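Here's the letter readout for the chains.
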Amino acid sequence: MEKVNELKEKGNNALTAEKFDEAIAAYTEAITLDGRNHVLYSNRSAAYAKAGKFAEALEDAEKTIALNPTWAKGYSRKGAAAAGLQDYIKAFEAYNEGLKHDPHNAILLQGRQDITSSVLNYIQSQGDIPMDVDGEVPPFGRRAPPPAQKPEEPPKPAEPKVEDMSAEERKKYFAKKEKDLGNAAYKKKDFETALKHYNAAIEHDPTDITFYNNIAAVYFERKEYDDCIKQCEKGIEVGRENRADFKLIAKSFARIGNTYRKLENYKQAKIYFEKAMSEHRTPEIKTSLSEIEAKIKEEERRAYIDPAKAEEEKEKGNEFFKKGDYSTAVKHYTEAIKRNPDDPKLYSNRAACYTKLAAFDLGLKDCDTCIKLDEKFIKGYIRKGKILQGMQQTSKASSAYQKALEIDPNNAEAIDGYRQCSMNFQRNPQEVLKNAMSDPEIQQILKDPAMRIILEQMQNEPNAVKEHLQNPAIADKIMKLLESGVIQIH
């Protein structure tokens, strides 16, 4: 996911800089990693359209819609691509279909209006259009364009007459003109000029949140983060007062979130991404929020690390282990691990406790962790071998001891463990049991009436073993029986 987001950002930057081929390449690479991400197809569609490759733009737009049929932007992409191919019927239908899902979408409304104007101009420009055999005018969307290496640009809509406008319409008209000039300057990274036009747009129409968002985008690009946040806050205030589309308000909140992320103030970023989500949920904002939450979690984890306190907790764990209070020892070793998660000895110590408590799966996991942290940590392999022996998995135990011997061929524990495993390979279960029963200590344990009751209970109620292992004296006897092969716990 992180790589996909990097590539998407790379594509966005290239698109803004009008490096269309570079943008297409970045989006394409991202799509190979996440082929179900509708936003990537939408962005690539925009890049193709900017590059004049309208057929490819249309294909990506249709893929966007297939992946997310309710997302309005997919239909605006399709409309723009179809218009580029002069298939005005398809473009008009795309804008109409999008408006079914988002009736107040400004881009779709504008697109439909532009297409209507383009069609009228197109028909007027044709003069006397030849009739079909049935006397009907050929549909304007089906006439093949003249051959050319690059599809022709769709005719521009006729300029409205300013003198025919109302005062309110005139203000919005000139505001949009300034915004468009600002956008053109922004794409060229001429931020000073962009700011002048966006501010001029606000002078004409101070009620449109879009202009404030655009100014904030300029400040963001110039790394003037405090000004970016203030501008977004102003935009939100204006948007609330004028009942702006909740998606635009969400965009302001998300931009504040991204600004705080740049400042590495992740807790504030989280607050604003959550506010954006409460206004309008999008995959991009959801992804950003998840990334920020992971950053916060990692920060908290790192802030908690303290090797000195880890050593204190380890010593406490050692004391309780010696007393046979393995459950309490586990708690202290666990706290030590939180304080110093990269120390393999701590996992090894906790694995020893889990072994005593017959929590073999947890013990094995700790052994694997300490080995992963330090492949030369011989105690991890020996501890793993003992656990596997207790589980009667002789072959795996033998492999663990072999790993230990590769590190230190003279290690007594590893040699003894490997020898026991080799002997068990050569003896059948009946022989192992017979030898165990001849051991006076084993005989004493089995003759103990209390232990016989415990063993019977363990057989009938497997979960009872956990309760009995809390008693250090009983735990030692059970481990002795496990090591001898008299009993097994799976």
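Residues numbered from 1 in each chain as written. Predicted model: local features only at pLDDT ≥ 70, side-chain atom pairs only at ≥ 80, totals over all residues. Heavy atoms only, no water.

Identification of the protein chain as Stress-induced-phosphoprotein 1 from Drosophila lebanonensis is taken from an unreviewed UniProt entry. Taken directly from UniProt, the Subcellular location (unreviewed entry) text for the protein chain runs: "Cytoplasm". (UniProt positions renumbered as here; feature names shortened; annotations may be inferred.)

Another point: the nonpolar core. Counting residues in each nonpolar core, the largest one holds 39 residues, and the members touching the most others are Tyr186, Val218, Ile256 and Phe273. Going through the elements one at a time, α8 (167-187), α9 (191-204), α10 (209-221), α11 (225-241), α12 (246-262), α13 (266-279) and α14 (283-304) are the ones with two or more residues in this core. When residues of this core are assigned to their parent elements, the largest contribution, nine residues, is made by α10. With residues near it in sequence (within four places) discarded, Tyr186 still touches Thr16, Phe191, Ala194, Tyr198, Ala217, Val218 and Glu221. The next biggest cluster of nonpolar side chains, apart from the first, holds 25 residues, and it includes Leu346, Cys367, Met391 and Tyr401. (Core = buried A, V, L, I, M, F, W, Y, C linked by side-chain atoms within 4.5 Å. Buried < 20%, exposed > 50% of the residue type's maximum accessible area, 1.4 Å probe, protein only. Helix = DSSP H or I, 4+ residues; strand = E, 2+ residues; numbered from the N terminus. Contact = heavy atoms within 4.5 Å.)

An ideal rise of 1.5 Å per residue puts 32 Å on 22 residues; α14 measures up with 32 Å between its terminal C-alpha atoms. Looking only at α14, the buried set comprises Ile285, Ser288, Leu289, Ile292 and Ile296. All buried residues of α14 fall inside an arc of 100 degrees around its axis, so they share one side. What points out from α14, more than 90 degrees from its buried face, is the exposed set Lys297 and Arg302. Elements in contact with the buried residues of α14: α12 and α13. (Expected span 1.5 Å × (residues − 1). Arc of directions from axis to C-beta.)

The UniProt record annotates "repeat: TPR" (unreviewed entry) at residues 38-71, 72-105, 175-208, 250-283, 310-343 and 378-411. For residues 250-283, the end-to-end C-alpha separation is 13 Å, with 82% helix and 0% strand making up the annotated structure. Between the C-alpha atoms that bound residues 310-343 the distance is 9 Å, and the span itself is 82% helix and 0% strand.

This part takes up the packing of aromatic side chains. Across all of its chains, the model carries six aromatic pairs by this definition. An aromatic cluster is built from Phe253, Tyr260 and Tyr272, whose rings are joined through pairwise contacts. The ring of Phe320 carries Lys323 above its face, with NZ or CZ at 5.0 Å from the centroid. Over the face of the ring belonging to Tyr304 we find Arg339, whose NZ or CZ atom lies 3.7 Å from the ring centre. (Phe/Tyr/Trp six-rings, centres within 6.5 Å; stacked < 30°, edge-to-face > 60°. Lys NZ or Arg CZ within 6 Å of the ring centre and 35° of its normal.)

As a further point, take the confidence of the model for the protein chain. Per-residue confidence for the protein chain gives a mean pLDDT of 85, with 85% of residues at or over 70. Segment residues 124-148 is flagged for pLDDT under 50; beyond a separation of four residues in sequence, or across chains, it makes 24 contacts in the model. (pLDDT = per-residue confidence, 0-100.)

Before going further, it helps to examine the environment of Arg350. Within the secondary structure layout, Arg350 lies in helix α17 (residues 344-356). Along the primary structure Arg350 and Gly317 are separated by 33 residues, whereas in three dimensions their C-alpha atoms are 8.6 Å apart. Ignoring anything within four residues of it in the chain, the contact list for Arg350 reads Val330, Tyr333, Thr334, Ile337 and Asp366.

With that out of the way, let us pick up the pattern of salt bridges. This structure, assessed with the given rule, holds 24 salt bridges. Close ionic contact of Glu311 with Lys314 constitutes a salt bridge, the shortest N to O distance being 3.2 Å. Of the two residues, Glu311 and Lys314 are both situated in helix α15 (residues 307-323); the distance of three residues between them amounts to about one turn of the helix. Given the relative accessible area of 37%, Glu311 is considered partly exposed. Shared partners join several salt bridges into a network, and the residues in it are Glu168, Lys171, Lys172 and Asp205. (Salt bridge = Lys/Arg side-chain N within 4 Å of Asp/Glu carboxyl O.)

Another aspect to go through is the environment of Ser45. Assignment of secondary structure puts Ser45 in helix α3 (residues 38-50). Overall, Ser45 belongs to the buried group, its relative accessible area being 1%. Residues Ser45 and Thr64 lie 19 residues apart in sequence; the distance between their C-alpha atoms is 8.8 Å. In contact with Ser45, not counting residues within four places along its chain, are Ala57, Asp60, Ala61 and Arg77.

A word on helix α18 (residues 360-373). Its 14 residues place the ends of α18 20 Å apart at the C-alpha level, agreeing with the 20 Å of an ideal helix rising 1.5 Å per residue. Buried within α18 we find Phe360, Gly363, Leu364, Asp366, Cys367, Cys370 and Ile371. Seen end-on, α18 carries its buried residues on one side only, within an arc spanning 160 degrees. Turned more than 90 degrees away from the buried face of α18 sit Asp361, Lys365 and Lys372, all of them exposed.

Positive phi, normally seen in glycine, also occurs at Lys223, with a value near 60 degrees. On the secondary structure map, Lys223 appears in the loop between α10 and α11. In the Ramachandran plot, Ala358 falls in the positive-phi region, its phi being about 60 degrees despite a non-glycine side chain. For Ala358, the location among the structural elements is in the loop between α17 and α18.

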